[in-house]
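# Architecture and fold: a report
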Amino acid sequence: MRPAPATPPIGVAVGQGQPKDGKKGVPVPGRVRVHHLKNMKERGERITMLTAYDAVTARIFDEAGIDTLLVGDSISDNMLGYSSTIPVTVDEMIPAVRAVSRATQRALVIADLPFGSYEASPQQAHATAVRMLKEAGAHAVKFEGGAHLAGHVELLTRAGIPVVGHLGFTPQSENVLGGKRVQGRGEQAEILVEDAIALQDAGAIMVVLEMVPAPLAERISEVLSIPTIGIGAGNACDGQVLVWTDMAGMTNWSPRFAKQFGQVGAELYAAARAYKYEVGEGSFPAAEHSYQE
């Protein structure tokens, strides 16, 4: 049974301001740290995570109180026009991580290690992770895989680099998994539990569970002392993550597990059409938008 939420929110810094909307008067916490996330799990407070790929959206999400921002390799197919997460490179991701890190004051910024940048050895993972922290300002890194990558997690943890695991459907392994398929059914369930424990024992600070049956995600969340973050894994995880373009209604299609909390795409389209119309008819720029002698 999940304990009742506690108050006040994590890490509330005395004297800090209120949210910009001023609607609920909830104090703005200081920078979210690794221990805050574990404390949130212990208190039964849900952790929020969204992807972010640029300074503008990162600032908005940070001010909205989102706890963690993931600069995901999902930038590949959501922002860069690739067909999957596989093509994006470290050099393409670092400017995005840097922009998100610079724009945030509160959220913990997590950088994905893209395909091909960590699998070969713990040393390869360490070299890539160091770049994400030193060059881009990330606070933690995330990569996909279970017990076979425990050595990677151990080395990075010893080096002072927080690691977030990723189990279930792992997009970088889509070609092996046979497409976007739910993972952890039948005999796979016990393997996923063992993988999650192995990542925790190696030093991981959190584990993302993607497209995992809800009962299995609940079991893993109960077994682990570190937080679980669900995406298509039911409501019993310690937190949730969504790709922000899915969350905000920026695309014509989104996966079953993604709820659209707004229609930003439709609003942006309407704004662009209005702009085109006013420029075309000559009503923009008006006098108030122009400089006079």
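Residues numbered from 1 in each chain as written. Predicted model: local features only at pLDDT ≥ 70, side-chain atom pairs only at ≥ 80, totals over all residues. Heavy atoms only, no water.

## Describing the overall build of the chain
Counting its secondary structure elements, the chain contains 11 helices and eight strands. Taken along its principal axes, the extent of the C-alpha atoms in the chain is 70 × 45 × 35 Å. In the chain, which comprises 293 residues, the proportion classed as buried is 46%. The long-range share in the chain, meaning contacts at least 24 apart out of those at least 6 apart in sequence, stands at 56%. Working note: accessible area of the chain is about 14,900 Å², and carbon and sulfur atoms make up 55% of it. (Helix = DSSP H or I, 4+ residues; strand = E, 2+ residues; numbered from the N terminus. Buried < 20%, exposed > 50% of the residue type's maximum accessible area, 1.4 Å probe, protein only. Contact = heavy atoms within 4.5 Å. Areas by Shrake-Rupley, 256 points an atom, 1.4 Å probe, with all protein chains shown as cover.)

## Things to note about helix H9 (residues 214–223)
Turning to H9, its buried residues number three or more, namely Leu 216, Ala 217, Ile 220 and Ser 221. End-on, the buried residues of H9 take up no more than an arc of 140°, which puts them together on one face. For H9, exposure combined with an orientation more than 90 degrees from the buried face picks out Pro 215 and Glu 222. Considering only its buried residues, H9 is in contact with helix H1 (34–43), helix H8 (188–202), strand S6 (206–210) and strand S7 (228–231). (Arc of directions from axis to C-beta.)

## Regarding the packing of helix H5 (residues 122–134) against helix H6 (residues 150–158)
Between two packed helices, the angle of one axis relative to the other and the distance separating the axes together describe the packing. Look at H5 against H6: their axes get within 8 Å of each other, and the N-to-C directions meet at 45°. Considering their axes alone, H5 and H6 lie oblique with respect to each other. Note on packing geometry: the crossing formed by H5 with H6 is right-handed. Mapping the contact onto sequence places Pro 122, Gln 123, Ala 125, His 126 and Ala 129 in H5 and Gly 151, His 152, Leu 155 and Leu 156 in H6. (Axes fitted to C-alpha atoms, helices over the stretch in contact; angles between N-to-C directions. Parallel < 35°, antiparallel > 145°, perpendicular 65-115°, else oblique. Left-handed = near helix turned anticlockwise from the far one by under 90°.)

## Observations concerning the packing of helix H2 (residues 55–63) against helix H4 (residues 90–103)
The interhelical angle for the contact between H2 and H4, taken along N-to-C directions, is 35°, at an axis separation of 8 Å. Of the two elements, H2 crosses H4, and the hand of that crossing is right-handed. Within the contact between the two elements, H2 uses Ala 55, Ala 58, Arg 59 and Asp 62 and H4 uses Ala 99, Val 100 and Ala 103. Its residues assigned to classes, the contact of H2 with H4 shows five nonpolar, no polar and two charged. (Nonpolar A, V, L, I, M, F, W, Y, C, P; charged D, E, K, R; others polar.)

## A closer look at the pattern of salt bridges
Where charged atoms of side chains with opposite charge meet at close range, the side chains can pair. Taken as a whole and assessed by the stated rule, the structure comprises nine salt bridges. For Lys 41, the salt bridge identified is with Asp 238, shortest N-O distance 2.6 Å. Of this pair, Lys 41 sits in helix H1 while Asp 238 sits in the loop between S7 and strand S8 (239–242), and the two are 197 residues apart along the sequence. For the pair formed by Lys 41 and Asp 238, the shared burial category is buried. Between Glu 135 and Arg 131 there is a salt bridge, with the nearest N and O atoms lying 2.8 Å from each other. Residue classification places Glu 135 among the partly exposed residues on the basis of a relative accessible area of 37%. (Salt bridge = Lys/Arg side-chain N within 4 Å of Asp/Glu carboxyl O.)

## Some details on the environment of Glu 288
Following the sequence through the fold, Glu 288 ends up in the segment after helix H11 (264–281). Under the relative-accessibility criterion, Glu 288 is labelled exposed at 65%. Once the C-alpha coordinates of Glu 288 and Val 32 are considered, the two residues, 256 residues apart in sequence, prove to be 43 Å apart.

## Re the UniProt feature "binding site: 3-methyl-2-oxobutanoate" (unreviewed entry) in the chain
Summarizing the sequence annotation, UniProt attributes the feature "binding site: 3-methyl-2-oxobutanoate" (unreviewed entry) to Asp 73, Ser 74, Asp 112 and Lys 142 in the numbering used throughout. Of the residues just listed, which span 70 residues, no C-alpha pair is farther apart than 12.3 Å, and they cluster in one region. With respect to the helices, strands and loops of the structure, Ser 74 is situated in the loop between strand S2 (68–71) and helix H3 (75–78). Its relative accessible area of 11% is what places Ser 74 among the buried residues. Residues contacting Ser 74, with those up to four places away along its chain left out, are Thr 51, Tyr 53, Met 79, Thr 85 and Val 243. In this fold, Asp 112 is placed in strand S3 (residues 108–112). Not counting the four nearest positions on each side in its chain, Asp 112 is found in contact with Leu 70, Val 71, Gly 72, Asp 73, Met 93, Met 132 and Lys 142. (UniProt positions renumbered as here; feature names shortened; annotations may be inferred.)

## Quick look at the pairing of S3
Judged by how many residues are buried, S3 sits mostly within the fold: five of five residues are covered. The two faces of S3 match: Leu 108, Ile 110 and Asp 112 on one face and Val 109 and Ala 111 on the other face are all buried. With three bridges connecting them, S3 and strand S4 (residues 140–142) associate as parallel partners. Each bridged residue has a counterpart across the sheet, and for Ala 111 the counterpart in S4 is Val 141. (Pairing = 2+ DSSP bridges.)

## Some details on the environment of Glu 278
Take Glu 278: it is sitting in helix H11. Its relative accessible area of 34% is what places Glu 278 among the partly exposed residues. Considering only alpha carbons, one finds Glu 278 and His 36, 242 residues apart in sequence, at a separation of 49 Å. Among all residues touching Glu 278, those that are not within four sequence positions of it are Ser 283 and Phe 284.

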